[in-house]
Amino acid sequence: MKKFWKVLLPCLLCGALLAVCTGCSGYESESIAYTGEEGSMVFLGVNFNGTNSRSEGVKIQVNFAHESVSAEEVPYSIYAGTDGNFTSVYTLPLSFSTDEGYNTKAIADEFLPGMVAYTCNFPKAGVEITLPDTLFAESSGTFLVMLVGGDYSDQSDYADREFTYTVDGDTVTLD
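Residue indices follow the written sequence of each chain, beginning from 1 at its first position. In keeping with the predicted nature of the model, local features appear solely for residues at pLDDT of at least 70, side-chain atom pairs appear and are counted solely at 80 or more, and the whole-chain, interface and lining totals rest on all residues. Hydrogen atoms and water are omitted, and side-chain values are computed over all heavy atoms in the structure.

Enquirer: So what's going on with the overall build of the protein? Residues and values would help.
Expert: What the protein contains, in helices and strands, is 1 helix and 12 strands. Secondary structure elements are defined from DSSP: runs of H or I of at least 4 residues count as helices, runs of E of at least 2 residues count as strands, and each element is numbered from the N terminus. Element order for the protein, N to C, with α for helix and β for strand: α-β-β-β-β-β-β-β-β-β-β-β-β. For every residue, the accessible area obtained with a 1.4 Å probe (protein chains only) is divided by the maximum for its type, and the residue is called buried under 20%, exposed over 50%, and partly exposed between those limits. Taken across its 175 residues, the protein has 34% of its residues classed as buried. At a minimum sequence separation of 6, the contacts of the protein that also span at least 24 residues come to 58%. Total accessible area computed for the protein in this model is approximately 10,400 Å², and 54% of it derives from carbon and sulfur atoms. Whether two residues are in contact is decided by their heavy atoms: any pair within 4.5 Å suffices. What sets the accessible areas is the Shrake-Rupley method with a 1.4 Å probe; for residues, cover comes only from the shown protein chains.

As structure tokens, this is what we get:
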């Protein structure tokens, strides 16, 4: 019995530490996009529940930050959709690109020559967005949530997160 507890206790401790470390960022996914020059990354974080009620609206929480402030205000919006059919679901404050308050303390780590991994802390609280019900017209599929800067048709400055979903009656499950 002592051997059982000697093995179980470290396993439980490791599991608890893993759960704590996994939940630190609070965001399921972070996407990044270059905004031109090195050091001017834009970060998009998405947090969501796996199971949602379609009648109450499928909600996600998004957060955004930039690595450096811009000299001019650039309009940013969040779009959701698929197959080239995107709808604006949230417009960021116009001051987002020039506001020091949205600056993240991004950490770049070159893990292989020429390959850099970025981490990001979001300095502001996330925003809850209700996704358009038209995204869930089929029983299953995929869609994108995109953070786009400037003109949407340009799409050279964006960060995105792809979701797969299934619909079962009133229940929408996001992956």
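There's more to say after this.
Enquirer: Lay out the environment of Glu138 with the relevant residues and their values.
Expert: Here Glu138 lies in the loop between β9 (127-130) and β10 (140-149). Counting along the chain gives 27 residues from Glu138 to Tyr165, while the straight-line C-alpha distance between them is 9.3 Å. Not counting residues up to four positions away in its chain, the partners in contact with Glu138 are Tyr165 and Val167.

Enquirer: Give a detailed account of the nonpolar core, specifying residues and quantitative values.
Expert: Residues Phe136 and Leu174 are the most contacted members of the largest nonpolar core, which totals 28 residues. Those elements giving two or more residues to this core turn out to be β2 (41-48), β4 (59-66), β5 (76-82), β9, β10, β11 (158-168) and β12 (171-174). Apart from residues lying up to four places away in sequence, Leu174 is in contact with Phe48, Asn49, Gly50, Asn52, Val58, Ile60, Phe136, Phe143, Phe163, Thr164 and Tyr165. Think of a nonpolar core as a cluster: buried Ala, Val, Leu, Ile, Met, Phe, Trp, Tyr and Cys residues, connected wherever their side-chain atoms sit within 4.5 Å. With 6 residues, the next largest nonpolar core counts Phe43, Ala65, Tyr118 and Cys120 among its residues.

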